[in-house]
Structure formats: C-alpha cells, structure tokens
Amino acid sequence: MDFDLSPEHRIFQKAIRDFAEKEISPLVERAEEEERFPLELFPKMGQLGYLGIRYSEIYGGSGADKIAECIWAEELFRICRGIATSLFAHCHLGTFPIFAFGTEEQKARFLHPAIRGEKIAAFALTEPNAGSDVQAIESRAVKVGQSYLLRGSKMFVTNGTIADFVLVAAYTDRSKGLEGISLFVVEKGAGGFHVSRKLKKEGSRSSETAQLSFEDCLISEENLIGAREGAFRNIFKTLVEGRVVIAAGATGVARAAFEAALQYAKERIAFGRPIGNFQAIGFKLADMATWIEISRTMIYRVAWMVDQKRACTSEASMAKLFATEMAENVTSEAMQIFGGYSQMREFPVGRYWRDARQLKIGEGTSEIQRRIICHQMGLKTD
Ligand SMILES: Cc1cc2nc3c(=O)[nH]c(=O)nc-3n(C[C@H](O)[C@H](O)[C@H](O)COP(=O)(O)OP(=O)(O)OC[C@H]3O[C@@H](n4cnc5c(N)ncnc54)[C@H](O)[C@@H]3O)c2cc1C
C-alpha cells in the first residue's frame, strides 16, 4: 500500500495550484459581486490542458487518472467554489457522457471543442418538480422522422446562461420508467430552446445558474447521446463519478477556510496572546485539520477504485456525504474563529461558509447519499 502521490501527481498539483492562485484568484471578487463567470478562463484553461484532465489524448485530453482530477478539484474549489463549479459542470457533467458513451461524431463535434475551451457545456437533469426523484422528470422527446421533438423545463442548470450546448435528460419511453430516459445534446440557438431566467443564489455566486425551457425544440437524432435511447445507467455513472470530484472540491473549500482561520488565529491577539493559543481555539483547528485529512484520504481511495474500474457506488456516496458535511462544519468553525470579522465581506470566510452549505444539496443531497448507502447495504429505507 502506497499513500504517496506519484511525482507526476505532485508536479500537476503544484501547476494547478499556481494557476488557481495566479490566474483565478484575482478574478474572484468581481465575479462573485457581479454573479458572472469570467469567460476568459475557458480558452485560457483549454490551452493549458486543464479542461480535459481525464479524457484520452486522442480527444485532446490529458489522459490522467481520477486522482489527478481530484487534485484539480481540490485546488480550484479552494480558490473559488463558484468558478470551480462551472468548470466542473463543463469538464465532467456536460462532457463525461459524450466521452464515455457518445459516438465518435459527437466527440468530434462537442468533446474536442469543449476540451479546447471553445465550447461551453452544461448538464440538465433537474426540473422544477423533480430533483432527487429523477423518475419524476416530465421532459419528453418524441421521435418525428429523423428528429426528436423535445418539450420540458429544466431547473438549476449550472452554465445554463453561457453554455454552447446542454445535455438534456428526457423520456423517450415513459412506460420503461428510469430506463426510458435518454440524453440529448441541445445546441445554443436551437429553435424552441430558451433561457427562461438566470437564478440569483446564496452561494456559488460566480457560477451562473439558470432555468431552461424547451418548447417543441427539434433535435436531430444525431444528437441522441450514443445514438441509443435509454441513458439512465450512463447518467447514473456520470453522477457517481461526479460525486468523487465534488467531495474533493468540498475538501478544497474546507482547506481554504482552515488555512484562513489558522493564520488569523496566529495573528489575532486577545487577553495578551494569539487566540490560537487558547485551547478552545487550538483544539478547533486540530479537529478541522483532522477532518480534512480524513476526507482527502477517503477521496483518494475512492478515486483509486474508479481508476481500478471497481464498483464504488457506496464509497462515492460516503465520500460525498462526509466531505460536504465536513466542509460545512469546518467553514462554520472558521467563522467562529474570525469572530465579528467573519460577518464582514472583506474577509472570504463568509463566502466559504455559504458555498459549503450548498455542497450538501447539489449532486445529490446528503439524505439521498444516505439512501444510496442504505440501499447498497440491502436496506429498503423508503
Ligand atoms: C447551485 C446549484 C447548481 C445545480 N446545478 C445543477 C446542474 O447543473 N444540473 C442539474 O441537473 N441539476 C443541478 N442542480 C440540482 C441539484 O442536483 C438538486 O438541487 C438536488 O438534486 C436536489 O433536488 P431538489 O433541489 O429538487 O430537492 P428535492 O429533491 O425536492 O428535495 C428536497 C428535500 O427533500 C429531501 N428528500 C427528497 N427525497 C428524499 C428521500 N427519498 N429520502 C429522504 N429525503 C428526501 C432532500 O434530501 C431535500 O432535503 C443544482 C443545484 C444547485 C443548488
């Protein structure tokens, strides 16, 4: 058993950390304030190969492993959860199904330009009346000749306002239940496809989120992912692998809050000494460091399982559950350490806390992760 990162992982960790600190950090304040994603990052990151970490070289990716993708997420989320969320929606949710299940023609049309940062991707599963309960989605795609007619509405779509293409889940055969859900690529400008509204959020403000509508939107059958109806298993695999990345991102947010709190605890003087020297504060920081360490160790193990092609549905849910709840606790403790200054927007701890809170909801809520873990143990908890 080897717990060391490989030399390649370490080089990559330093490179992506430097990039995030030098190129993303200066953009954060404005992006959060204006609630707008800094679009210049897509071509810049595309040129550096940061948008296709796990995708094969033949598609323009780096061909790295899942551990590298977790390093990528931890470093980006550490700097800004909002910006990193948009990048995650692009680099994983909106492109993984094309990479893993799409036709070669779909990879050429959508995956290549996405990896280069020339096209922005989004993924639309959630609807106004269906989030956790995927089977309850109402979107329908009816075959008409060589095309499909799509009707429906999608909610909380990350990158919805800026995407060049959106992967949309819709029923092609309602009678088959989940197995009757298919996945389509809908391109910006397609007739009947509209951004209904941009949503204002509590956390993750620099990531743009939208409600989308599809009114008799005509999609060529060439845009049916994998040229096959019935994509639920593909969506499920995309979500399971995505949970590992979100867990790594949550660890990054927690680390940002911990690092800020540790520095503050060494500098802030009360009763004649740095507050970190009070056991009550020092022990909080010791706990925070411990939780982050547990989280990262667990995530690397699940990432390793993904790389070994082992089933890890339960472990991915455990990692997402633990890391996101840990991030909420760590960011909350960081707020406490910052005292009154935690409420001042000139300090970023308030942002870390708002951003961490939402991590327990997106990519499957904590309740849904516990439900999955129970099901994997053979318990019918519903
Ligand atoms: C900022 C943000 C970005 C997002 N980006 C995307 C995106 O890009 N694409 C996309 O498709 N979706 C996206 N989502 C949607 C996200 O995945 C859903 O919000 C999430 O799955 C929960 O669905 P819901 O909000 O409809 O809550 P609901 O499913 O209505 O759940 C409400 C509450 O009930 C609980 N609950 C529901 N069912 C059960 C059950 N069986 N047992 C116990 N408790 C239960 C939930 O845990 C939750 O606490 C995003 C959400 C947010 C907030």
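A short tour of the structure in this document, coming up. (Residues numbered from 1 in each chain as written. Predicted model: local features only at pLDDT ≥ 70, side-chain atom pairs only at ≥ 80, totals over all residues. Heavy atoms only, no water.)

1. Comments concerning the state of the cysteines
- Inspection of every chain in the model, using the stated rule, returns zero disulfides.
- Free of any disulfide, C312 has its nearest cysteine sulfur in C70, 10 Å distant.
- Of all cysteine sulfurs in the structure, the one in C312 sits closest to C374, which takes part in no disulfide; the separation is 18 Å. (Disulfide = S-S within 2.5 Å.)

2. As for the nonpolar core
- Ranked by internal contacts, the top residues of the largest apolar core, which has 101 residues, are M45, W72, L76, I83, L87 and I337.
- In terms of residue count, helix α7 (residues 232–267) provides more of this core than any other element does, 18 residues in total.
- L87 has contacts with F37, F42, M45, L51, W72, L76 and H92, leaving out every residue within four places of it along the chain.
- The next biggest cluster of nonpolar side chains, apart from the first, holds 19 residues, and it includes Y148, L150, F193 and C217. (Core = buried A, V, L, I, M, F, W, Y, C linked by side-chain atoms within 4.5 Å. Buried < 20%, exposed > 50% of the residue type's maximum accessible area, 1.4 Å probe, protein only. Helix = DSSP H or I, 4+ residues; strand = E, 2+ residues; numbered from the N terminus. Contact = heavy atoms within 4.5 Å.)

3. Things to note about the environment of Y50
- Structurally, Y50 can be placed in the loop between α2 (41–47) and α3 (66–79).
- When the C-alpha positions of Y50 and I16 are compared, they lie 8.1 Å apart, and in sequence the two are 34 residues distant.
- Sequence-distant contacts of Y50, that is, excluding residues within four places in its chain, are made with F12, A15, I16, F19, M45, W72 and C91.

4. What about the side chain of K66?
- Here K66 lies in helix α3.
- K66 has contacts with R54, H92, E241, V244, V245, A303, V306 and D307, leaving out every residue within four places of it along the chain.

5. Quick notes on the pattern of salt bridges
- A full pass over the atoms with the stated rule returns 34 salt bridges.
- When the shortest N-O distance is used, the salt bridge between R255 and E75 registers 3.1 Å. Separated by 180 residues along the polypeptide, R255 in helix α7 and E75 in helix α3 bring together distant segments of the chain.
- One salt-bridge network, held together by shared partners, links R17, E21, E74, E75, R78, R255, E259, E293 and R296. (Salt bridge = Lys/Arg side-chain N within 4 Å of Asp/Glu carboxyl O.)

6. Structural notes on the packing of helix α4 (residues 81–93) against α7
- One way to put it is that α4 packs onto α7 with a least axis distance of 11 Å and a crossing angle of 160°. In this view, α4 runs roughly antiparallel relative to α7, as classed from their interaxial angle. The crossing of α4 and α7 is right-handed. Here R81, F88, H92 and L93 of α4 come into contact with α7, specifically with T238, L239, E241, G242, V245, I246 and V253.
- In terms of residue class, the contact of α4 with α7 is made up of six nonpolar, three polar and two charged. (Axes fitted to C-alpha atoms, helices over the stretch in contact; angles between N-to-C directions. Parallel < 35°, antiparallel > 145°, perpendicular 65-115°, else oblique. Left-handed = near helix turned anticlockwise from the far one by under 90°. Nonpolar A, V, L, I, M, F, W, Y, C, P; charged D, E, K, R; others polar.)

7. Comments concerning the packing of α7 against helix α9 (residues 313–337)
- The contact between α7 and α9 brings their axes to 8 Å, and the two run at 20°. In this view, α7 runs roughly parallel relative to α9, as classed from their interaxial angle. Relative to α9, the crossing made by α7 is left-handed.
- Across the contact of α7 with α9, the residue classes break down as 21 nonpolar, five polar and two charged.

8. Some thoughts on the packing of aromatic side chains
- Within the structure shown, the criterion is met by 16 aromatic pairs.
- On the numbers, 4.9 Å between centres and 15° between planes, the contact of F193 with F214 is stacked. Highlighted residues: F193 in strand β6 (residues 193–199) and F214 in strand β7 (residues 209–220), separated in sequence by 21 residues.
- Judged by relative accessible area, F193 falls into the buried class, the value being 12%.
- On the basis of relative accessible area, F214 is assigned to the buried category, the value being 2%.
- Chaining the aromatic ring pairs together yields one cluster made of Y55, Y59, F96, F99 and F101.
- Its guanidinium or amino end placed over the ring of Y171, R174 lies 4.3 Å from that ring's centre, counting from NZ or CZ. (Phe/Tyr/Trp six-rings, centres within 6.5 Å; stacked < 30°, edge-to-face > 60°. Lys NZ or Arg CZ within 6 Å of the ring centre and 35° of its normal.)

9. Some points on the pairing of strand β4 (residues 165–171)
- The element β4 is extensively covered by neighbouring structure, given that seven of its seven residues are classed as buried.
- Alternating residues of β4 divide into F165, L167, A169 and Y171 and V166, V168 and A170, and every residue in both groups is buried.
- In this sheet, β4 lies alongside strand β1 (residues 121–124) in parallel orientation, the contact comprising four bridges. Paired with A121 across the two strands is F165, which belongs to β4.
- Summarising the sheet, β4 and strand β5 (residues 181–187) pair through seven bridges and their orientation is antiparallel. When the sheet's bridge partners are listed, L167 is paired in β5 with V185. (Pairing = 2+ DSSP bridges.)

Functional significance is not addressed by these values, which are geometric in nature.
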